[in-house]
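Examination of the molecular architecture
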Amino acid sequence: MEYRFLGLTGMKVSCLSFGASSLGSVFREVTLDDCIATVHAALDGGMNFIDVSPAYGGTLAELRLGRALEGVRRDRYFLATKIGSYSEARKDYDYSKASTERSIEHSMKRLGVDYVDLLQCHDVEFADHDQIVNETLPTLLELKKQGVIRHIGITGLPLKMFRSILDRAGADVVETILSFCHYELNDTSLADLLPYLKGKNVGVINASPTGMGLLTNRGTPVWHPASNSIKEGCLKAAQHCRAKGVDIVKLAVQFSCANPDIATTLVGSANPQNIRENIACVDAPIDRQLLADVLEILKPIHNYNFTRGLPAHRDPLLA
Ligand code: NAD
């Protein structure tokens, strides 16, 4: 496993790390035993960065992650959680000072820790950016001063809105961004933003190398926002890999981890065997011919992806 610095945070993180949303049963029902075994498979395999949110499974992911981390030495992992988004289905967003302070206190109780390494404003495409800059980030700076959190980040889907916050926040206030579904086999649009982020010393976390299930043999859960043409294109690519005896997840993980300007890619699963396989493939050589075939199959839908959020923050959809 390769380790890379996450911007200027000083955290040297595994290039493939663990996204804990699956522990909240967001893709399928999972048991606490599955969750505990998966988190241990991740840590034992060399993943040292874990991302979660109170929004995943309505706090269930944090609760189960907390159980899984019981007895694990605190210096074995960096822990990231979030504030602001509590339920996409109920449109429950609150980035205020009071809610932020309450949320991190509750998250730490569920997680069984007395600090988090990174606290991120979750899905800022649903936020008023004036509030993020003038209220939420100052609250996070205060929490940082108190030692409750070590670093500050923002997350979200549309790419253009990262500049909207980073250009207005004070220098070095926002230390990381988490982007998802924009650096994977069918969409590499995050690449265009990387030079800007590097110029601002912002560490880059890339989430969802399988596009939240698009690039898997199981396919997507019912809530998945991709259009049928995206799903069909990805299915064709998965079938091609299967015909060549390869699970497309392997290629997807290798592809996302190969970019040295992305500090880490978060992959999720509540199946320990999946996590072991994902870790093993990071160090395995990539099949260049298969990669070329798959990129060709995905060409008609390349960078054509879904967007969301308040109208002002959405990315234009590229055909
Ligand atoms: P993902 O692309 O990691 O896909 C997860 C799906 O792939 C699950 O269904 C899982 O079972 C399956 N999978 C993983 N490895 C597999 C394997 N080896 N074989 C077969 N199937 C496999 O998407 P994700 O879980 O949504 O994203 C990863 C993490 O990134 C999340 O858990 C979360 O921590 C983070 N994330 C954050 C945001 C945000 O902040 N807005 C958004 C998306 C994701």
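Residues numbered from 1 in each chain as written. Predicted model: local features only at pLDDT ≥ 70, side-chain atom pairs only at ≥ 80, totals over all residues. Heavy atoms only, no water.

**Remarks on the nonpolar core**
One finds Leu65, Leu137 and Leu185 to be the most contacted residues of the largest nonpolar core, which totals 106 residues. No other element matches the 7 residues that helix H8 (residues 248-257) contributes to this core. When near neighbours in sequence (up to four residues on either side) are disregarded, leucine 65 contacts Ala20, Leu23, Val39, Ile50, Val52, Leu79 and Leu111. (Core = buried A, V, L, I, M, F, W, Y, C linked by side-chain atoms within 4.5 Å. Buried < 20%, exposed > 50% of the residue type's maximum accessible area, 1.4 Å probe, protein only. Helix = DSSP H or I, 4+ residues; strand = E, 2+ residues; numbered from the N terminus. Contact = heavy atoms within 4.5 Å.)

**Examining the site of the ligand**
In the vicinity of the ligand lie 28 residues, with Ser21, Asp51, Asp123, Thr210 and Arg218 positioned nearest. The backbone of alanine 20 places a nitrogen or oxygen atom 3.4 Å from an oxygen atom of the ligand. A distance of 3.1 Å is found between an oxygen atom of the ligand and a side-chain nitrogen or oxygen belonging to serine 208. If the ligand stood free it would expose 830 Å²; the protein chains cover 92% of that surface. (Near = heavy atom within 4 Å. Polar contact = N/O pair within 3.5 Å; in protein donor to acceptor, adjacent residues only side chain to side chain. Areas by Shrake-Rupley, 256 points an atom, 1.4 Å probe, with all protein chains shown as cover.)

**Structural notes on the packing of helix H3 (residues 97-111) against helix H4 (residues 129-145)**
H4 packs onto H3 with a crossing angle of 40° between their chain directions and a minimal axis gap of 9 Å. The pairing of H3 with H4 is recorded here as oblique in orientation. Between H3 and H4 the crossing geometry is right-handed. When H3 is examined against H4, the residues Lys97, Thr100, Glu101 and Ile104 are found in contact with a partner set consisting of Glu135, Thr136, Thr139, Leu140 and Leu143. Considered class by class, the residues forming the contact of H3 with H4 number 3 nonpolar, 3 polar and 3 charged. (Axes fitted to C-alpha atoms, helices over the stretch in contact; angles between N-to-C directions. Parallel < 35°, antiparallel > 145°, perpendicular 65-115°, else oblique. Left-handed = near helix turned anticlockwise from the far one by under 90°. Nonpolar A, V, L, I, M, F, W, Y, C, P; charged D, E, K, R; others polar.)

**What about H3?**
Residue pairs three or four apart in sequence face the same way in an α-helix, which turns once every 3.6 residues. Here H3 contains 15 residues, and its C-alpha end-to-end distance of 21 Å stays within 8% of the 21 Å for a straight helix at 1.5 Å per residue. Turning to H3, its buried residues number three or more, namely Ser99, Thr100, Ser103, Ile104, Ser107, Met108, Arg110 and Leu111. Down the axis, H3 shows its buried residues gathered within 160° of arc, on one side only. At its buried positions, H3 is contacted by helix H2 (60-69), strand S5 (78-83), strand S6 (85-87), strand S8 (116-121), H4 and strand S9 (149-156). After H3 finishes, the residue glycine 112 shows a positive phi value of roughly 70°. (Expected span 1.5 Å × (residues − 1). Arc of directions from axis to C-beta.)

**Details of the pairing of S9**
Within S9, 7 of the 8 residues are buried, which leaves it mostly tucked inside the rest of the structure. Taken together, the 5 bridges between S8 and S9 define a ladder with parallel strand orientation. The partner of leucine 119 across the bridge, within S9, is isoleucine 152. Taken together, S8, H4 and S9 constitute a β-α-β crossover, and its handedness is right-handed. Note on the crossover from S9 through helix H5 (residues 160-166) to strand S10 (residues 176-180): the handedness is right-handed. (Pairing = 2+ DSSP bridges. Right-handed = clockwise from strand over helix to strand, strands pointing away.)

**Some thoughts on the packing of aromatic side chains**
Tallied over the entire structure, the rule returns 3 aromatic pairs. Residues phenylalanine 27 and tryptophan 223 carry aromatic rings whose centres are separated by 5.6 Å and whose planes lie at 55° to one another, so their mutual orientation is tilted. Taken together, the residues phenylalanine 27 in the loop between strand S3 (16-19) and helix H1 (32-44) and tryptophan 223 in the loop between strand S11 (203-207) and helix H7 (228-243) connect sequence positions 196 residues apart. A relative accessible area of 28% places phenylalanine 27 in the partly exposed class. Taking the centre distance of 5.5 Å and the plane angle of 10° together, the rings of tyrosine 183 and phenylalanine 255 count as stacked. You can see tyrosine 183 sitting in the loop between S10 and helix H6 (194-199) and its partner phenylalanine 255 sitting in helix H8, a full 72 residues away along the chain. (Phe/Tyr/Trp six-rings, centres within 6.5 Å; stacked < 30°, edge-to-face > 60°.)

**A closer look at the environment of phenylalanine 78**
Note that phenylalanine 78 resides in strand S5. Taking the C-alpha atoms as reference points, phenylalanine 78 and aspartate 51, 27 residues apart in sequence, are found 8.6 Å from one another. Residues within four places of phenylalanine 78 in sequence aside, it is in contact with Met11, Lys12, Val13, Asn48, Phe49, Ile50 and Asp117.

**Overview of the pairing of S8**
Among the 6 residues that make up S8, 6 are buried, leaving the element largely enclosed by the rest of the structure. Pairing of S5 with S8 involves 4 bridges; the strand directions are parallel. Looking at S8, one finds that isoleucine 83 is bridged to cysteine 121.

**Quick notes on the sheet that holds S11**
Taken together, the 8 strands give a closed barrel; going around it, the order is S3-S4-S5-S8-S9-S10-S11-S12, and neighbouring strands pair in parallel fashion. Within the sheet, the average angular offset between the axes of one strand and its neighbour, ignoring direction, is 30°. Pairing between S3 and strand S4 (residues 49-51): 2 bridges, direction parallel. Bridge assignment links glycine 19 to a residue of S4, and that residue is aspartate 51.

**Quick word on the environment of threonine 38**
Tracing the backbone through its elements, the reader meets threonine 38 in helix H1. When the C-alpha positions of threonine 38 and alanine 270 are compared, they lie 5.7 Å apart, and in sequence the two are 232 residues distant. Once residues within four sequence positions are removed from consideration, threonine 38 is found in contact with Phe18, Ser269, Ala270, Asn271, Pro272 and Ile275.

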